[in-house]
2 protein chains.
Amino acid sequence: MLDVTRLRVLDAVARLGSVTAAAKELHYTQPTASHHLARLEAETGARLLQRAGRRVRLTPAGQLLAGRAAEIIGRIDAAGNELAAHVGLTTGLVRLVLQRQLVCVW
Amino acid sequence: MLDVTRLRVLDAVARLGSVTAAAKELHYTQPTASHHLARLEAETGARLLQRAGRRVRLTPAGQLLAGRAAEIIGRIDAAGNELAAHVGLTTGLVRLVLQRQLVCVW
DNA sequence: TAGAATTACGCTCTACGTAACTATC
DNA sequence: GATAGTTACGTAGAGCGTAATTCTA
């Protein structure tokens, strides 16, 4: 099963054009983003990136997967928003959530 | 961001009707599945399950999220299959992957 | 030589299992 | 008492960062 954390990195690289920019957007360091990409290639058995000078470019397989990744991430975000709206409407609570950790409800 | 691992547990509970059956299908122990569900409720701030005797039933919020979870999981699986087909067609490799760990390529 | 990526290594935190507990039929 | 679920606790592994290395414009 594809790991969504790694798909997020691939999606960011596809949109922003570099590992560094992707890492920055996701609040990772560059090595962490690079590591996720390397693991994604190992886990899928597909070459997803190729060096182009000191930049990287997506292979056809990488572009294919990045497109699907964007759809999947969109679905996940939409589901989260939908649930939040549902909960908000039915309970009227306000939740403060930091790093997946519930901090406050009132 | 919703955790897909936990969504898989919720989806299995929705389809199979119990935490025990869901755990078995996903090759987890029952406490592990139960823990994922508890964390999912804490992270989303929504009641997703309610005890019904010694079974559990999904709340409306739980049913909503379970439906979206099934869609998301389907998308992820489809993307993985699509990529595998693409790689298979272009390289002719056979990959043996166990627990996300690449074991052999030839 | 400055910028971009990878590799090496260590630490923290999460995922998971086992064991113990609670509750319902 | 058997079955279903939860809570407590310990451990192995993954995620992330820092540091060091490689490569290219």
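Here's what I pulled together on the structure shown here. Model, not experiment: these values are computed from the prediction.

## Examining the side chain of B:Ser18
All names here are of chain B.
Part 1: When you line up the elements, Ser18 lands in the loop between helix 1 (4-16) and helix 2 (19-25).
Part 2: The exposure class assigned to Ser18 is buried, which follows from its relative accessible area of 12%.
Part 3: Within polar-contact distance, the side chain of Ser18 engages the backbone nitrogen of Ala21 at 3.0 Å.
Part 4: Not counting residues within four places of it along the chain, the set of residues in contact with Ser18 comprises Val13 and Arg55.

## Describing the protein's contact with DNA strand D
Part 1: Around DNA strand D sit 20 residues, and of these A:Thr32, A:His36, B:Thr20, B:Gln30 and B:Ser34 come closest.
Part 2: Taking the atoms of DNA strand D that fall within 4 Å of the protein, sugar and phosphate contribute 70% of them.
Part 3: One nitrogen or oxygen atom from the main chain of B:Val19 is found 3.0 Å from a phosphate oxygen belonging to DNA strand D.
Part 4: Here a phosphate oxygen of DNA strand D and a side-chain polar atom of B:Ser34 are 2.6 Å apart.
Part 5: At the level of elements, helix 3 (30-44) of chain A together with helix 2, helix 3 (30-44) and strand 2 (55-58) of chain B are the ones that each hand at least two residues to the surface near DNA strand D.
Part 6: In terms of residue class, the surface near DNA strand D is built from five nonpolar, nine polar and six charged.

How each quantity is defined
- Chains are numbered independently. Their residues run from 1 in the order of the written sequence.
- Here the convention is simple: chains get letters from A, ligands get numbers from 1, in the order in which they are written.
- Only residues with pLDDT of at least 70 get local features here, since the model is predicted, and only at 80 or more are side-chain atom pairs given and counted; chain-wide, interface and lining totals rely on the full set of residues.
- In computing side-chain values, all of the structure's heavy atoms are included and hydrogens and water are not.
- In this text, helices come from DSSP runs of H or I with a minimum length of four residues, and strands from runs of E with a minimum of two, each type numbered from the N-terminal end.
- Note on exposure labels: buried denotes an accessible area under 20% of the residue type's maximum, exposed denotes more than 50%, and partly exposed covers the range between, all computed with a 1.4 Å probe on protein chains only.
- Within 3.5 Å is the distance limit for a polar contact, defined as a pair of N or O atoms, with the added protein rule that one can donate a hydrogen and the other accept it, and that residues adjacent in sequence qualify only through two side-chain atoms.
- We call two residues contacting when some pair of their heavy atoms lies within 4.5 Å.
- Each residue is tested against the molecule or strand, and it is near if at least one of its non-hydrogen atoms lies within 4 Å.
- Each residue receives one of three labels: charged for Asp, Glu, Lys and Arg, nonpolar for Ala, Val, Leu, Ile, Met, Phe, Trp, Tyr, Cys and Pro, and polar for the others, Gly being one of them.

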